[in-house]
2 protein chains.
Amino acid sequence: MTHPGKALLPGFVNAHSHAFQRGLRGHVQWSKGEDTFWSWRDRMYRLANQLDADGIEAVSALAFLEMAEAGFTSVGEFHYLHHLPEGTAYGDREELAHRVVRAARRVGLRINLLRVAYQRAGPDKDRTREQRRFCDDRPEQVLDAIRRLRAAHQDDPAVSVGLAPHSVRAVPRAWLEAFSDFDGRIHAHVSEQPAENDQCRAEHGMSPTALFAEVGLLDERFTAVHMTFPQSGDAELMRERGSGVCACPTTELDLGDGFLPIDHLAGIPLSIGTDSHAQIDPFAEVRALELHARGLQGRRNVLSSEDPDGLANRLLDVGTVGGAAALGLDAGRMSVGQLADFVIIDLEHTLLAGSRPLPAIALAAHPGVVSETWVGGQPVCPDRGAIVDAAVRALADVDWGPK
Amino acid sequence: MTHPGKALLPGFVNAHSHAFQRGLRGHVQWSKGEDTFWSWRDRMYRLANQLDADGIEAVSALAFLEMAEAGFTSVGEFHYLHHLPEGTAYGDREELAHRVVRAARRVGLRINLLRVAYQRAGPDKDRTREQRRFCDDRPEQVLDAIRRLRAAHQDDPAVSVGLAPHSVRAVPRAWLEAFSDFDGRIHAHVSEQPAENDQCRAEHGMSPTALFAEVGLLDERFTAVHMTFPQSGDAELMRERGSGVCACPTTELDLGDGFLPIDHLAGIPLSIGTDSHAQIDPFAEVRALELHARGLQGRRNVLSSEDPDGLANRLLDVGTVGGAAALGLDAGRMSVGQLADFVIIDLEHTLLAGSRPLPAIALAAHPGVVSETWVGGQPVCPDRGAIVDAAVRALADVDWGPK
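Thresholds applied
Residues numbered from 1 in each chain as written. Chains lettered and ligands numbered in written order. Predicted model: local features only at pLDDT ≥ 70, side-chain atom pairs only at ≥ 80, totals over all residues. Heavy atoms only, no water. Helix = DSSP H or I, 4+ residues; strand = E, 2+ residues; numbered from the N terminus. Rg over C-alpha atoms; globule rule 2.2 N^0.38 Å. Buried < 20%, exposed > 50% of the residue type's maximum accessible area, 1.4 Å probe, protein only. Contact = heavy atoms within 4.5 Å. Least-squares fit on C-alpha atoms with pLDDT ≥ 70 in both. Pairing = 2+ DSSP bridges. Expected span 1.5 Å × (residues − 1). Bend = angle between axes of the 7 residues up to and from the residue. Buried area = accessible area lost by both parts, 1.4 Å probe. Salt bridge = Lys/Arg side-chain N within 4 Å of Asp/Glu carboxyl O. Right-handed = clockwise from strand over helix to strand, strands pointing away. Phe/Tyr/Trp six-rings, centres within 6.5 Å; stacked < 30°, edge-to-face > 60°. Axes fitted to C-alpha atoms, helices over the stretch in contact; angles between N-to-C directions. Left-handed = near helix turned anticlockwise from the far one by under 90°.

Novice: I'd like a description of the overall build of chain A, backed by residues and values.
Specialist: Per the secondary structure count, chain A includes 13 helices and 12 strands. Expected size for 403 residues packed as a compact globule is a radius of gyration near 22 Å; at 20 Å, chain A falls within 12% of this value. Over its C-alpha atoms, taken along the principal directions, chain A stretches across nearly 60 × 50 × 45 Å. Here chain A, with 403 residues, has 65% of them falling under the buried criterion. Taking contacts inside chain A between residues at least 6 apart in sequence as the whole, the part at least 24 apart equals 76%.

Printed below as a string of structure tokens:
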């Protein structure tokens, strides 16, 4: 069976997503006065506290729809909206997690729901009003929630559940210690902002990565999201322990975080995520790893120059096998025994004409080249119109605050 | 007349293109050993010397087709392939320029053919074998060529002809002086590489920008392409004289040049170009200006925070009015007396759903949102199949050299 003009590639894996943040797009690109990660976060909190359960499901479904259309087949959803805005539990304590899982499955994506643990605003700082929706009081509540979620979705092989201690800012050391035996994937925001490193050193006398190592979480289970500002010794620790880094380059630029210092991370397994969904474009994420490094280092082919397709294979691997490893999926390669998650690329797209396909796909493509997305051997056929309409309705009345 | 679900925007202006370099895509992403701008240039020269007139027209047409599909309505073609590979003239001395103009007009784009002046490899360095195709012996030959090109295309209002002294490396001071009275737009590569600045200081005792000023070229006619490494005093000079900068961010990263230091260029008119066509995506170019600045400065909204649409308007202006000014076109705005060059954006694209349209278009879109491109009040309807087939044929036999 031949498919002239088409190429099959493994589906992309989006290893770091906050699906409801898709609702921010186009609405948070301004601010009176100084605008930074922290002023962006104020606006993000506004959205997080205005969406009801239906709204969260609707906006999440829109994010997952856009992912499927862009060539993602799996998502790691770093899920931190757990309760009613005032912090009280839903009748079903896992209501919102179930809604997000349902949104992914309605679209057809495979999902690892990374259930977030969040306790506080920071060292010696109680949770704020805006954070009550994210918080638990004891680490056992987090582990119980994961047990219930796993039981509820045990019949769907496309759903798995992991653990996400939000960050060393939001989670105290005793909680991290309580998680050390966790059986599953563990993701955390690590060293995204210099302030986070400084606070961690003041509170614990070490870097966030060193703290995760000391409490027994930094091993093959662990993915450090961002790592924009690794501290001395962090990369060595991660290599030793077999932990990975998930980079989210388009979000990290949108937020003004900075550039991934990829030259410090050699030998560490990499994956990509679209995080805040400023853009949802796997090609843009993977090529940013190479292109930002070129800009910083003043040379070409930073990540590979093995052969004509070496760089493309390296970048596409980060977006596929790298993400599958971060989420604990047997996916990312087209081979026997692997999940049949793949995308069909339209080789007759104008942007690929006359080009060597793999390098052109990795370095020049956009989601317009994706003609079909298949998950588990089935084409993804979401009810696009209904998903878009529900999300548009959910976002229509959001109060974005003073302009 | 309403168009539900559609928005009209002014067409994008691609102020810096080497159309034949579209043939490089996917073929130059590797190199044994150190890979830099200079090793990339070796491969680019290979392509430049293997294409015959038909091949140059075919690959140029493919580049222009992709531009039209991506929302560009005009192009500034920095054209430096003038002769047969061994340096002898074609029967019609302007054969290749006519071919490139014809390629643009077959697609339907408006073109300013910026006829390049090129004399030498560098200070005290004769042209190399690979550069013979680009070179003239006297500046009068360049001006004569422009006169003939203008005469040949005087009946087509969509064609204009400008002058492009390639760079201070390739053009001696006496030539620049001979061009001082030129009536039209003048573009030059300026401060793309540190080596270029160093050589200019050694030869002339000043920066490239200061040299252009001293010979009387740095005024409202002048666009400095790249400006990745402006020298002390350059920005002040450009502001004083009313000259512009054309940034080509995706190419500048592809080549490992570096990031535009936009904080040094406040008050200087900006435009964008896709240059080597590593990507052809006006949205990616304009948003890179803001996003690279965010990464470098660690904050958001670097280029504008006036109002919710302020940043989007600023970025889209760079891609439209900014480019039109650089090419001397009355275009870039939807208003009476302006050229009717516009694009129709599909507001129902998934990536725009639920978003404030202008910021989402500027910061999250890709060419897949462009549903139609109109030039001079007419929809662009190129013969896509024939253009693609001819380009694929022209590129099939290129010898890319040792791998």
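Novice: Lay out the relation of the copies chain A and chain B in plain terms, naming residues and giving numbers.
Specialist: Of the two same-sequence chains, chain A is brought onto chain B (RMSD 0.0 Å, axial shift 0.0 Å) by a rotation of 180°. Seen this way, the second copy is the image of the first under a two-fold rotation axis. Closest approach to the rotation axis within chain A is made by the C-alpha atom of Gly 368 of chain A, at a distance of 2.7 Å. A symmetric contact is evident, with 100% of the interface residues of chain A recurring at the interface of chain B.

Novice: Now, about unusual backbone geometry: what can you tell me, with residues and values included?
Specialist: Phi angles above zero are rare outside glycine, and Asn 301 of chain A is one such case at about 50°. Relative accessible area serves as the criterion here: at 5%, Asn 301 of chain A is assigned to the buried category. The backbone of Asp 124 of chain B shows a phi angle near 60°, a positive value even though the residue is not glycine. Locating Asp 124 of chain B in the fold gives a position in the loop between strand S4 (110-117) and helix H4 (139-152). Judged by its relative accessible area of 84%, Asp 124 of chain B is exposed.

Novice: Go over the sheet that holds strand S10 (residues 342-346) of chain A with me, naming the residues and quoting the values.
Specialist: All names here are of chain A. Read across the sheet, 4 strands follow the order S1-S10-S11-S12 without closing on themselves; strand pairing throughout is antiparallel. Sheet topology places strand S1 (6-10) and strand S12 (378-379) at the edges, where each strand pairs with a single neighbour. Note that S1 and S10 share 5 bridges and pair antiparallel. In the strand pairing of S10, Ala 7 is matched with Ile 345.

Novice: Describe in detail the sheet that holds strand S10 (residues 342-346) of chain B, supporting the description with residues and values.
Specialist: Across the sheet, 4 strands lie side by side as S1-S10-S11-S12 (chain B); this open sheet has antiparallel pairing. At either end of the open sheet lies a strand with only one pairing partner, and these are strand S1 (6-10) and strand S12 (378-379) of chain B.

Novice: Give me helix H11 (residues 310-327) of chain B: which residues, what numbers.
Specialist: All names here are of chain B. Relative to the 26 Å expected for 18 residues at 1.5 Å per residue, H11 spans 24 Å between its end C-alpha atoms, a close match to the ideal helical length. Along its length, H11 shows its largest kink, about 45°, at Asp 317. Of all 18 residues in H11, 14 are buried, a share of seventy percent or more. Backbone geometry just after H11 places Gly 328 at a positive phi near 70°.

Novice: How would you summarise the interface of chain A and chain B if you had to cite specific residues and measurements?
Specialist: Taken residue by residue, the interface counts 62 residues in chain A and 62 residues in chain B. Here chain A and chain B share an interface that buries about 4,900 Å² over both sides, 53% of which is from carbon and sulfur atoms. The largest share of the area that chain A buries against chain B comes from Gln 29, Arg 300 and Thr 350 of chain A, three residues that together contribute 16% of it. Run the count over chain A and chain B and you get 6 salt bridges.

Novice: Hey, could you go over the pairing of strand S5 (residues 159-165) of chain B for me, with residue numbers and the actual values?
Specialist: Residue and element names in this part refer to chain B. A large share of S5 lies buried, amounting to 6 of its 7 residues. Pairing of S4 with S5, which is carried by 7 bridges, proceeds in the parallel orientation. By the bridge assignment, Arg 115 is partnered in S5 with Leu 163. A crossover links S4 with its parallel partner S5, the connecting element being H4, and its sense is right-handed.

Novice: Describe helix H3 (residues 95-107) of chain A, naming the residues involved and giving the relevant values.
Specialist: Residues and elements named next belong to chain A. Spanning 13 residues, H3 covers 19 Å between terminal C-alpha atoms, matching the ideal 18 Å at 1.5 Å per step. For H3, the set of buried residues is Leu 96, Ala 97, Arg 99, Val 100, Val 101, Ala 103, Ala 104 and Val 107. Just downstream of H3, Gly 108 is the residue with a positive phi angle, here 115°.

Novice: Go over the environment of Ala 58 of chain B with me, naming the residues and quoting the values.
Specialist: Residue and element names in this part refer to chain B. Mapped onto the secondary structure, Ala 58 falls in helix H2 (residues 53-70). On the accessibility criterion, Ala 58 (8% relative accessible area) is buried. For Ala 58 and Asp 330, which are 272 residues apart along the polypeptide, the C-alpha to C-alpha distance reads 29 Å. Every residue in contact with Ala 58, bar those within four places of it in the chain, is listed here: Ala 390, Ala 391 and Ala 394.

Novice: With reference to specific residues and values, describe the packing of aromatic side chains.
Specialist: A full pass over the atoms with the stated rule returns 21 aromatic pairs over all chains. Both rings, one in Phe 212 of chain A and one in Phe 222 of chain A, keep their centres 4.8 Å apart while their planes meet at 45°; by these two values the pair is tilted. Taken together, the positions of Phe 212 of chain A in helix H7 (residues 208-214) and Phe 222 of chain A in strand S7 (residues 222-226) put the pair 10 residues apart, joining distant regions of the chain. Neither residue differs from the other here; Phe 212 of chain A and Phe 222 of chain A are each classed as buried. Seen in terms of ring centroids, Tyr 80 of chain B and Phe 134 of chain B are 4.9 Å apart; in terms of plane orientation they differ by 80°. Their pairing is edge-to-face. Here the residue Tyr 80 of chain B occupies a position in the loop between strand S3 (72-79) and helix H3 (95-107), and Phe 134 of chain B occupies one in the loop between S4 and H4, the gap between them amounting to 54 residues.

Novice: Explain the pairing of S10 of chain B residue by residue, including any values.
Specialist: The side chains of a regular strand alternate, first on one face of the sheet and then on the other. Residue and element names in this part refer to chain B. Across the 5 residues of S10, 4 count as buried, placing the element largely inside the fold. Of the pairings in the sheet, the one linking S10 to strand S11 (residues 370-375) comprises 4 bridges and is antiparallel in character. Paired with Val 343 across the two strands is Thr 373, which belongs to S11.

Novice: Please provide a residue-by-residue account of the side chain of Thr 36 of chain A, values included.
Specialist: Structurally, the position occupied by Thr 36 of chain A is in the loop between strand S2 (12-17) and helix H1 (37-50). A residue is classified by how much of its surface remains accessible, and Thr 36 of chain A, at 19% relative accessible area, is buried. Residues within four places of Thr 36 of chain A in sequence aside, it is in contact with Leu 255 of chain A together with Arg 299 and Arg 300 of chain B.

Novice: Requested: an account of the pattern of salt bridges, with residues and values cited.
Specialist: Across all of its chains, the model carries 54 salt bridges over all chains by this definition. For the salt bridge of Arg 300 of chain A with Asp 254 of chain B, the shortest nitrogen-to-oxygen distance reads 3.1 Å. Pair noted here: Arg 300 of chain A is in the loop between helix H10 (282-297) and helix H11 (310-327) and Asp 254 of chain B is in helix H9 (residues 249-254), and the two residues belong to different chains. One exposure class covers both Arg 300 of chain A and Asp 254 of chain B, and it is buried. Asp 136 of chain B is the salt-bridge partner of Arg 115 of chain B, the closest N and O atoms lying 2.7 Å from each other. Taken together, the positions of Arg 115 of chain B in strand S4 and Asp 136 of chain B in the loop between S4 and H4 put the pair 21 residues apart, joining distant regions of the chain. Residue Asp 136 of chain B is classed as buried on the basis of its relative accessible area, which comes to 3%. Three or more residues joined by partner-sharing salt bridges are found here, namely Asp 54, Glu 57, Glu 95, Arg 99, Arg 102 and Arg 106 of chain A.

Novice: I'd love a proper account of the packing of helix H2 (residues 53-70) of chain A against H3 of chain A, names of residues and values included.
Specialist: Residue and element names in this part refer to chain A. Relative orientation of the contacting elements H2 and H3 amounts to 35°, with a least axis distance of 8 Å. Once H2 is placed against H3, the crossing between them reads as right-handed. Of H3, the residues touching H2 (which contributes Ala 53, Asp 54, Ile 56, Glu 57, Ser 60, Ala 61, Phe 64, Leu 65 and Ala 68) are Glu 95, Leu 96, Arg 99, Val 100, Arg 102, Ala 103, Ala 104, Arg 106 and Val 107.

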